[in-house]
Amino acid sequence: MSRKIVASVADALSGLKDGSQIMVGGFGLVGQPDVLVEGIVELGIKDLTLVMNGAGQTPGRSVSLLLELRRVRKMICSFPRSIGCNLFSELYAKGEIELELVPQGTLGERIRAAGAGIGAFFTPTAAGTLLAEGKEQRVLHGVPQVLELPIFADVALIHAWRSDPIGNLIYRGTGRNFNPIMAAAADLTIVQTNHLVALGEMDPETIITPGIYVDRIVHVPDVIPAT
Amino acid sequence: MSDFKPYGRTELARRVAEDIEDGWYVNLGIGIPLLVSDYIPEGREVMFHSENGLIGMGPKPAPDAIDPWLVNAGKQNVTIQPGGALIHHADSFALIRGGHLDLCVLGTYEVSGTGDLANWATNDKSIAPGVGGAMDLVVGAKRVWVIMEHTTKTGEPKIVETCTYPLTAVGAVTRVYSSLAIIDVDRNDGMTVLEMAPGLTFDALQARTGVPLRRAPDLVETPLEAAQ
């Protein structure tokens with residue numbers, strides 16, 4: 001029953017390899033599983049592709065630290081700039097990191113598509129712009145649309161507010177963001193949860209992510225998003 | 001040179017707020033557009049959507065009442081109104097693309113006479129580009145209003161025949177609230193001036209605009225004295 005619960009962050013991340021494509025939940029710092037990300041730093045794996053909304057905003061910590069240590073080869077994201085951290089821009093200007101820039105809604109839908117078994121979809125977002133270059137465009141229902149493909153991942157790192165032993169999850173506030181769709185899109189889904197409750201304690205009507213998507217759970221209490 | 005008084009930023013935010021109708025769901029872009037929420041007239045029920053999954057966004061919290069788990073699209077701490085709802089990112093953008101938002105308000109570098117919009121990137125290759133949700137919002141919302149300076153710091157028109165910066169979307173803007181005028185935009189029919197800053201003549205506005213403008217039937221030139 002508690003097969004998915006692991007004792008430590010190191011256990012949660014065991015087996016992760018160089019070259020992995022890793023999804024990181026969060027918008028701003030809310031719902032971003034920083035303890036797992038810093039575990040990735042400890043693990044020392046490199047040549048990573050990160051899929052997330054931003055590209056780090058806390059110099060010396062978490063995603064920014066991975067970038068500083070040159071462990072990340074490529075970012076797939078919608079907004080790699082941050083007021084508090086210029087690191088991505090510096091690496092990008094020097095040609096030391098690749099960028100696939102994706103409109104935020106297209107990013108979300110491509111992740112959702114991966115988890116939902118959708119092979120591709122057309123969206124009006126970015127039609128006629130630089131971000132549609134090299135992609136098939138077609139007029140559907142009178143509207144120019146762009147063909148977009150799913151984004152899969154080897155690993156998804158998720159920050160939940162509450163989990164039970166089989167990985168049914170709820171989130172808190174705007175910490176939900178990309179977490180539920182990323183949880184479904186990866187081969188291996190790893191959850192950092194503030195609260196771990198007994199089986200049966202969660203109201204089935206309120207569960208946002210069902211445990212079917214979750215592989216490993218590590219209990220990290222008292223995490224508060226930095227402000 | 002005629003003497004006129006441009007609209008200030010808070011005045012534009014107030015004007016936009018006055019034009020938002022009771023019952024609308026509205027997304028406000030980062031920066032000046034966010035000010036709009038401070039000026040919604042009393043008694044109008046308007047729900048603000050933040051694309052990171054918050055419907056019913058409320059004002060900035062008091063310093064001693066910050067919930068670190070609630071931020072807006074600009075990553076600033078916000079509150080949630082009674083009746084608010086939380087959703088995940090794919091749902092948040094489904095409601096955007098699905099045409100359920102009544103209005104999106106945002107800033108821009110340039111607008112073309114047919115409503116093309118360029119607000120996400122300059123041509124400076126040394127800066128990493130960031131697009132966020134702008135491209136989704138402007139193709140999805142029922143109305144797209146932009147708040148902007150009418151000209152650049154050097155006096156060049158920001159309303160142009162063809163945008164020189166990378167496009168956010170083609171034919172998306174439906175109204176411009178500029179420092180000089182309020183202008184309706186139709187992607188087939190071009191631009192119609194609804195209101196002008198006090199003291200400004202139509203000819204002076206046209207001289208500062210890169211595309212031909214049309215007068216709304218009830219457009220008036222307000223003398224500067226009358227506005228003071």
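Residues numbered from 1 in each chain as written. Chains lettered and ligands numbered in written order. Predicted model: local features only at pLDDT ≥ 70, side-chain atom pairs only at ≥ 80, totals over all residues.

Colleague: How should the pairing of strand E6 (residues 137-140) of chain A be read in this particular structure?
Modeller: The side chains of a regular strand alternate between the sheet's two faces. All names here are of chain A. Relative to strand E7 (residues 143-148), E6 is paired through four bridges, and the arrangement is antiparallel. Paired with glutamine 137 across the strands is valine 146, a residue of E7. Hairpin connection, E6 to E7: the antiparallel pair is bridged by two residues, and histidine 141 has positive phi, about 55 degrees. (Pairing = 2+ DSSP bridges. Helix = DSSP H or I, 4+ residues; strand = E, 2+ residues; numbered from the N terminus.)

Colleague: Would you mind going over the sheet that holds strand E9 (residues 159-160) of chain B with me for this structure?
Modeller: Residue and element names in this part refer to chain B. Strand order in the open sheet made by the three strands is E7-E6-E9, with mixed pairing throughout. Across the chains shown, the open sheet's two edge strands, defined by having one partner strand only, are strand E7 (117-118) and E9. Pairing analysis gives two bridges linking strand E6 (residues 110-112) to E9, with the strands arranged parallel. Across the sheet, the residue bridging to valine 111 is isoleucine 159, located in E9.

Colleague: I'm lost on the confidence of the model for chain B in this one. Help?
Modeller: If pLDDT is low for a region, its predicted coordinates should not be looked at in detail. Here chain B averages 95 in pLDDT, and 98% of its residues register 70 or above. Taken over the whole predicted complex, pTM reads 0.96, whereas the ipTM for its chain interfaces reads 0.96. (pLDDT = per-residue confidence, 0-100.)

Colleague: How should I be thinking about the interface of chain A and chain B in this particular structure?
Modeller: How big an interface is tends to be stated in terms of the accessible area lost upon association of its parts. Contact residues are listed per partner, giving 41 residues for chain A and 35 residues for chain B. Counting residues per element, the ones that place at least two in the side of chain A that touches chain B are helix H4 (87-93), strand E4 (98-101), helix H5 (104-116) and helix H6 (179-185) of chain A. Per element, the largest residue contribution to the side of chain A that touches chain B is six residues, and it comes from H5(A). Class assignment for the residues of the side of chain A that touches chain B results in 20 nonpolar, 16 polar and five charged. (Contact = placed C-beta atoms within 7 Å. Nonpolar A, V, L, I, M, F, W, Y, C, P; charged D, E, K, R; others polar.)

Colleague: In this structure, what is going on with the environment of Leu50(A)? I would like to understand it.
Modeller: Residue and element names in this part refer to chain A. Here leucine 50 is to be found in strand E2 (residues 48-51). Judged by the 27 C-beta atoms lying within 10 Å of it, leucine 50 falls in the buried class. Expressed as a C-alpha distance, the spacing of leucine 50 and alanine 127, which sit 77 residues apart in the sequence, is 25 Å. (Buried ≥ 20, exposed ≤ 12 C-beta atoms within 10 Å, placed from the backbone.)

Colleague: In this structure, what is going on with H5(A)? I would like to understand it.
Modeller: Residues that lie three or four places apart on an α-helix share one face, since the helix turns once every 3.6 residues. In this model, H5(A) (13 residues) spans 18 Å end to end at C-alpha, consistent with the 18 Å of a helix rising 1.5 Å per residue. Counting buried positions over the 13 residues of H5(A) gives twelve, a clear majority of the element. Residues Gln104(A), Gly105(A), Thr106(A), Leu107(A), Gly108(A), Glu109(A), Arg110(A), Ile111(A), Arg112(A), Ala113(A), Ala114(A) and Gly115(A) constitute the buried set of H5(A). Looking at the buried residues of H5(A), the elements they touch are strand E1 (21-24), strand E5 (121-123), E7 and H6 of chain A together with helix H3 (89-97) and helix H4 (134-140) of chain B. Gly117(A) occupies a position one or two residues after H5(A) and carries a positive phi of about 75 degrees. (Expected span 1.5 Å × (residues − 1).)

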